[in-house]
Structures are given as structure tokens and as C-alpha cells.
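Residue-level listing of the chains:
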Amino acid sequence: MIEKISELKPVYNSGDVQLYTGNSLELIKQLPDNLIQTVITSPTYWGKRQFTNDKNEIGTEKLEDYVKRNVELYLDILKKLKEDGSLFIIIQDTYMGSGVSRTHQNHWEHNKNPSYRREGIDASAQGNKTGVTAHHPIIKNKSLSGIPYRIALQLVDNGYIWREQIIWEKPNPMPENVNDRVRQSAELILHFTKSGKYKFHKEFFSVKGKSGKDRMANQVWIYPPEPKKGHTATFPSKLVERLMLATTDEHDTVFEPFLGSGTMMDVALNHNRKFIGCDINPKFVKMAIARLKIKSL
Ligand SMILES: C[S@@+](CC[C@H](N)C(=O)[O-])C[C@H]1O[C@@H](n2cnc3c(N)ncnc32)[C@H](O)[C@@H]1O
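## Some details on the sheet that holds strand β10 (residues 253-256)
Think of a sheet as strands paired side by side through backbone hydrogen bonds, with each pair either parallel or antiparallel.
Right, on to step 1. Strands sit in the order β1-β2-β11-β10-β3-β4-β6-β5-β9 across an open sheet of nine strands; the sheet is mixed. Pairing within the sheet leaves two strands with one partner each, and these edge strands are β1 (12-13) and β9 (220-222).
Right, on to step 2. Where strand β5 (residues 161-169) and β9 come together, three bridges link them in parallel fashion. Looking across to β9, one finds that Trp168 is bridged to Trp221.
Right, on to step 3. Taken strand by strand, helix α6 (residues 237-247) contacts β3 (36-41), β4 (81-91), β5, β6 (186-193), β9 and β10, and its axis lies near 165 degrees from that of β4.

Written as C-alpha cells, this is what we have:
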């Protein structure tokens, strides 16, 4: 359980756009019920990145804590979703024995400033003395951790309907130095709903079949990653635009608890949706506000 210290205040609020700096597990508890139409989000993947030294940042804690924090957030989101609302979690699994090196060489802050040192809250939390972040006392190195499924199973056991699992295939994934398994070229898009009958504009999930008639799309969607200035873990606008257009109408509210570079914010505003976003890293939120100010000039 997150201890509520004080109410988070938006650092930007134009009525239709609210941005917060802080822990989204705290923020969600203060949002009104029956507000959010769609959540499209991507938590920092376990063991792969660390953007701050804030102990509430998710991504480099114990595996069990990572799953618990994600599940807590999504179950709180369930309370705030409209009856016909949707939750999309874009997520990738992690191999045990992989991850961000504690010696920082592959950490983005290190590249900007080679004297940068992470403070190792993750190391002490995990009891991990190895050079990588993904470590477990029981699960052996080289094994997948099963994170998307660990989270999804708890969500279906606690009230969500798990409607589908779309596979986002990247034609040009991050290179990996492996010879005994396939490359991790795909991420999962897990779609959950609050009710069996949910807002859904099927034309955005349809394709032209051989007969020339529209039919529902297949499960694998191919989109190249879309790197953005100032953030190393972004999702492609075209991909999330499709999810949003299928599950919202104009003026509906979209929530992104892991704002990052603000991809979801831009997509929501381009289509006249209301938007609430939160990130624990003040730099990312400032970048998003700067973009909003340019837009409103
Ligand atoms: C994978 S990135 C999201 C990228 C985003 N979808 C985009 O396209 O730019 C995850 C983000 O979650 C943020 N984050 C991690 N823990 C958080 C927390 N407890 N509350 C809010 N944001 C958090 C990180 O700072 C990071 O920017």
C-alpha cells in the first residue's frame, strides 16, 4: 500500500490537460471515480532502465514488488474507469541475468555525464550483488521472468476482463548478443476492459480482407519504434493512436500514468481528447509542458 503523504497538485492544468509530477500510484487514488475512458500506458520494464533515484520509481525493485506495484495501480484504475472503459498495457518481459549494469556504462545519464553514478536503491532492495538488475533467488538466470502474465493473471482474478493480447512486432529491434534463442523483437499489448460491453469503434482494428470486405485485424501488428529526443523508452504514436481511436470519442478522458516523453499526450490532444498524465521524473513533465506552451502560441 502506498502511504498518502499529501494530495498531488497538477503542475500544469488547462482544464482539458492536467499534468502531474510524482508517483502515479498516489495520484490515481485521488482522481474521481467514473472519469477515465481509456488508459494506454507502458511501465518502465523490469530491470531495464532507471530514470531517477526516487524510491517510488518502478523498474528496478524486487520482481515481486514490481508486479505488486503494477497490479495495485491497475486495480485502482479499474475503480476510476468508466463502465465501458479500457486499459491497454504495453509491456515486455525480462530475462533473468540481464538488465541495466550497475556500473552505469549503458545508462543514458552516464552517456551524458560519464561521472554519473546510480545510488543503488535497487541493489539493496534486491539483495543483488551481480552487475545486472534482473536477479532472483529462485528463478534461474537465462529464464524469462513471466512478468506480463504475472500481472495479467492478477488483473483477471480481481475483476478485469482480459480481451486480447496484441503482439507489437518491431522490424528493427534493439540488437542483442545471443545465439541460443530468438531476438526479443516483440512487445505485448494487453487489453483489459471493465465490462463485457465496452466502447469500441471496430474500424480502427479492421483491415481489408482478400474479398475486399473489412475484417478484424490479425494479432501481430508491425510498427517500427519511434525514438524521441530526451527519452529512451517511447512507444510509436501511430500504434497508440489506433488503440485510442478505437476505444474513445472526442472529449473523453485518456490517462497515462507513465507519461515519459508525452507521446500519449500529443496523440490525445491531436484528436480532441482530454488528457491526464503523470511522471515521476520532473524533467519529462517539464518537456511535455514546454511542448504544450509551443502548441498554444
Ligand atoms: C517506458 S517509459 C514511458 C514512455 C512513454 N510511453 C513515451 O512514449 O514516452 C516509463 C516512464 O515511467 C516513469 N515512471 C516510473 N515509475 C513511475 C511512477 N511510480 N510514477 C510515475 N511515473 C513513473 C519513468 O520516469 C518513465 O518516464
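## What to know about the nonpolar core
Right, on to step 1. By size, the foremost hydrophobic cluster in this structure holds 68 residues, and its most contacted members are Leu19 and Tyr74.
Right, on to step 2. Per element, the largest residue contribution to this core is eight residues, and it comes from helix α2 (residues 63-80).
Right, on to step 3. Ignoring sequence-local partners within four residues, the contact set of Tyr74 consists of Thr41, Pro43, Leu87, Ile89, Ile151, Leu155, Tyr160 and Phe258.

## Comments concerning the pairing of β10
Right, on to step 1. Here β10 shows two buried faces, one formed by Thr253 and Phe255 and the other by Val254 and Glu256.
Right, on to step 2. Direction of pairing for β3 relative to β10: parallel, over a ladder of two bridges. Bridge pairing in β10 links Val39 to Phe255.
Right, on to step 3. Here four bridges tie β10 to strand β11 (residues 274-279), and the two strands are oriented parallel to one another. Bridged to Glu256 within β11 is Gly277.

## Regarding the confidence of the model for the chain
Right, on to step 1. Counting all residues, the mean pLDDT for the chain is 87, and 85% of those residues have values of 70 or more.
Right, on to step 2. Counting interchain partners and residues more than four positions distant, the pLDDT-below-50 stretch residues 104-108 has 18 contacts.
Right, on to step 3. This stretch, residues 119-124, has a pLDDT under 50; its non-local contacts, to residues over four places away or in other chains, come to eleven contacts.

## Things to note about the side chain of Ser86
Right, on to step 1. Structurally, Ser86 is set in strand β4.
Right, on to step 2. A distance of 2.9 Å separates the side chain of Ser86 from the side chain of His191, its partner in a polar contact.
Right, on to step 3. The residues touching Ser86, leaving out its near neighbours within four places in the chain, are Gln37, Thr38, Val39, Leu81, His191, Phe192, Thr193, Tyr198 and Thr247.

## Considerations on the packing of aromatic side chains
Right, on to step 1. The full count for this structure, using the stated rule, is five aromatic pairs.
Right, on to step 2. When the centroid spacing of 5.9 Å and the interplanar angle of 70 degrees are considered together, the rings of Tyr198 and Phe200 count as edge-to-face.
Right, on to step 3. The exposure class assigned to Tyr198 is buried, which follows from its relative accessible area of 17%.
Right, on to step 4. Looking at Arg181, its charged tip hangs above the ring of Tyr95, at a distance of 3.9 Å from the centre.
Right, on to step 5. The ring centre of Trp221 lies 3.7 Å from the NZ or CZ of Arg242, which sits over that ring.

## Re the pattern of salt bridges
Right, on to step 1. Inspection of the entire model under this criterion finds 14 salt bridges.
Right, on to step 2. As a salt-bridge pair, Lys170 and Glu187 come within 2.5 Å of each other at their nearest N and O atoms. Of this pair, Lys170 sits in the loop between β5 and β6 while Glu187 sits in strand β6; the two residues are 17 residues apart in sequence, bridging distant segments of the chain.
Right, on to step 3. Overall, Glu187 belongs to the buried group, its relative accessible area being 7%.

## What about the environment of Glu61?
Right, on to step 1. Among the structural elements, Glu61 can be located in the loop between β3 and α2.
Right, on to step 2. With relative accessibility at 7%, the residue Glu61 sits in the buried group.
Right, on to step 3. Distance in space between the C-alpha atoms of Glu61 and Ala134 is 9.1 Å, their sequence separation being 73 residues.
Right, on to step 4. A polar atom in the side chain of Glu61 sits 2.8 Å from the backbone nitrogen of Gly59.

Calculation criteria
Residues numbered from 1 in each chain as written. Predicted model: local features only at pLDDT ≥ 70, side-chain atom pairs only at ≥ 80, totals over all residues. Heavy atoms only, no water. Pairing = 2+ DSSP bridges. Helix = DSSP H or I, 4+ residues; strand = E, 2+ residues; numbered from the N terminus. Contact = heavy atoms within 4.5 Å. Axes fitted to C-alpha atoms, helices over the stretch in contact; angles between N-to-C directions. Core = buried A, V, L, I, M, F, W, Y, C linked by side-chain atoms within 4.5 Å. Buried < 20%, exposed > 50% of the residue type's maximum accessible area, 1.4 Å probe, protein only. pLDDT = per-residue confidence, 0-100. Polar contact = N/O pair within 3.5 Å; in protein donor to acceptor, adjacent residues only side chain to side chain. Phe/Tyr/Trp six-rings, centres within 6.5 Å; stacked < 30°, edge-to-face > 60°. Lys NZ or Arg CZ within 6 Å of the ring centre and 35° of its normal. Salt bridge = Lys/Arg side-chain N within 4 Å of Asp/Glu carboxyl O.

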